[in-house]
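Read off the chains here:
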Amino acid sequence: MLFIYCYDGVEDKFPHYLSRLWEQPVLMLDISGEDFSLFRGTNSSDVYRRYDEFEASWVTPAPLRSHSVTLQPFTKSCIGVATRQKYKVTFHVVLVDFVRLACLIAGIILFFSAGPLSRNVIFYYSSGITIGVLASLLIILFVASRFIPKKIGAYSVLIGGTSVILYFFQFLWKNIQSVLQEYQTYVIAYIVSAAAISFAVCYKKGPVTDVKTLSLIQWSMQLVALVGVYCGTQVEEASIVILALVVGMNMIPSLPCASFMKRVWRRRFPPKVRLLTEEEYRKQGEEETRKALQQLRGYCQSPSCSPWRTVSRLQTPTKFASFVEGAPDVSESEEECYDMETALYPGQYTDDED
């Protein structure tokens, strides 16, 4: 037996809907057991059509089974309840949907912090482990499908693929607490094993260093963040305006509000300074020394330098003159003496003690 309940929605004209950015109408179904089906539609005829299609064909996706159904606040929507049991329907409006509000705030934060996060080592390992734990379920399903005959597997996917997957995840979500209690050991073993394997793969590959790959990761994170911002309100126009502001602040960092937000963010979360390795320190020292000597040689050859005043202050003016003309700053004998001393007393030239 099918009963239909419709909600007409509220006025969506400006500025009335500004006070309903996070408003969420909810239909609550008080019924015992799971022997019921819900059908969503834009009107009563649409609900009847979906119900007739479900009754006439067994290939259609599984119907919705939930004790709490969210409705659109500004458009008419109908819910059909098909069951033979007694039940009670209640309707109430949630003034602030904290899920949408959190989605909006998280999307804005993720958009502006996508650059540092894409280059953060901790984020690299944590996201890699999380993706590995979730993606291993797909690997298990793929391996299991290899043992099914191709024809049977193809027909199974064709007939019940979407319905079975949706029903499986819906059943797992509803019974997550009982699953964790009854199969706690297996769940922990699976998570630990998948996390360990994912960490090993991430450790072997190492953090991403390619600039183009880092840019792709950053853009992907920002795209996900924009989707979260778009879904953060019930009003599409308001979401589009917020999206435009966020993108504009990112593209035009000279705006006062954008620079203020970035200063606050950097003050609250200062960027972590990466220390140089010994090899990087040596290379950078050689490069900077070469640049400084080249700048000194160029200054001495310029008209702004007084050669007589400079020569009068030096102990070996001939050596300095040769350096200005292009000779090395260190002679071969001095270089050999330095190499011998560093070989005999290595700690004297590597320690930073005064």
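Please refer to the structure placed before this passage.
What you see is a predicted model; the values in this text were computed from it and never measured.

What counts and how
- Per chain, the residues get numbers from 1 upward, laid out in the order the sequence is written.
- Restriction of local features to residues with pLDDT of at least 70 applies here, the model being predicted, together with a cutoff of 80 or more for giving and counting side-chain atom pairs; totals for whole chains, interfaces and linings are based on all residues.
- Calculated side-chain values reflect all of the structure's heavy atoms, with hydrogen atoms and water omitted.
- For every residue, the accessible area (1.4 Å probe, protein chains only) is compared with the maximum for its type, and the residue is labelled buried under 20%, exposed over 50%, or partly exposed between those bounds.
- We count a stretch as a helix when DSSP gives it H or I for four or more residues in a row; a strand needs E for two or more, and each element gets its number in order from the N terminus.
- In short, DSSP must find at least two bridges between two strands for them to pair.
- In this analysis, two residues are considered to be in contact whenever any of their non-hydrogen atoms come within 4.5 Å of each other.
- Sulfur atoms of two cysteines make up a disulfide when they are within 2.5 Å.
- Every axis in this analysis is a line fitted to C-alpha atoms, fitted for helices over the stretch in contact. Angles between the N-to-C directions lie between 0 and 180 degrees.
- Note on terminology: angles under 35 degrees are roughly parallel, angles over 145 are roughly antiparallel, angles of 65 to 115 are roughly perpendicular, and the others are oblique.
- When the near helix sits turned anticlockwise from the far one by under a right angle, the crossing is termed left-handed; a clockwise turn instead gives a right-handed crossing.
- Here the nonpolar group is Ala, Val, Leu, Ile, Met, Phe, Trp, Tyr, Cys and Pro; Asp, Glu, Lys and Arg are the charged ones; every other residue, Gly included, is treated as polar.

Engineer: How do you make sense of the pairing of strand S3 (residues 37-41) when you look at a structure like this?
Structural biologist: Side-chain direction in a regular strand flips from residue to residue, so the side chains alternate between the two faces of the sheet. Within S3, 4 of the 5 residues are buried, which leaves it mostly tucked inside the rest of the structure. Looking at chain direction, S3 and strand S5 (residues 77-82) are connected through 5 bridges and run antiparallel. Looking at S5, one finds that Arg40 is bridged to Ile79.

Engineer: Would you mind showing me how to read the side chain of Gln234 here?
Structural biologist: The residue Gln234 is located in the loop between helix H8 (211-230) and helix H9 (236-251) in this model. Excluding anything up to four places from it in sequence, Gln234 contacts Arg20, Leu21, Trp22, Glu23, Gln24, Gln72, Pro73, Phe74 and Arg100.

Engineer: Please clarify how the pairing of strand S2 (residues 24-30) should be interpreted in this entry.
Structural biologist: For S2, a buried count of 5 out of 7 residues is recorded, marking the element as mostly surrounded by other parts of the structure. The pairing of S2 with strand S6 (residues 88-94) spans 7 bridges and is antiparallel. Its bridge partner lying in S6, Gln24 is registered against Val94.

Engineer: Just checking my understanding: could you explain the environment of Phe39 for this structure?
Structural biologist: Considering the arrangement of structural elements, one finds Phe39 in strand S3. Sequence separation between Phe39 and Phe54 is 15 residues; the distance between their C-alpha atoms is 9.5 Å.

Engineer: What am I meant to see in the state of the cysteines here?
Structural biologist: The bond known as a disulfide is covalent and runs between the sulfur atoms of two cysteines. Using the criterion set out here, one finds 1 disulfide in the structure. At a sulfur-sulfur separation of 2.0 Å, the disulfide partner of Cys6 is Cys78. Given an S-S torsion of about 105°, the disulfide between Cys6 and Cys78 has right-handed geometry. Taken together, the residues Cys6 in strand S1 (residues 2-7) and Cys78 in strand S5 connect sequence positions 72 residues apart. The exposure class of Cys6 is partly exposed, given its relative accessible area of 39%. Between Cys103, a free cysteine, and Cys231, which holds the nearest cysteine sulfur, the sulfur-to-sulfur gap is 5.8 Å. Cys103 gets classed as partly exposed once you look at its relative accessible area, which sits at 28%.

Engineer: Teacher, can you tell me more about the packing of helix H2 (residues 98-112) against H8 here?
Structural biologist: In a pair of packed helices, the angle between the axes and the distance between the axes together describe the arrangement. It is at 7 Å that the axes of H2 and H8 come closest, and there the two elements cross at 155°. Between H2 and H8, the angle falls in the class roughly antiparallel. For the element pair H2 and H8, the recorded crossing hand is left-handed. Between H2 and H8, the residues in contact are Cys103, Leu104, Gly107, Ile108, Leu110 and Phe111 and Met221, Gln222, Ala225, Leu226, Gly228 and Val229, respectively. Looking at side-chain class alone, the contact of H2 with H8 contains 9 nonpolar, 3 polar and no charged residues.

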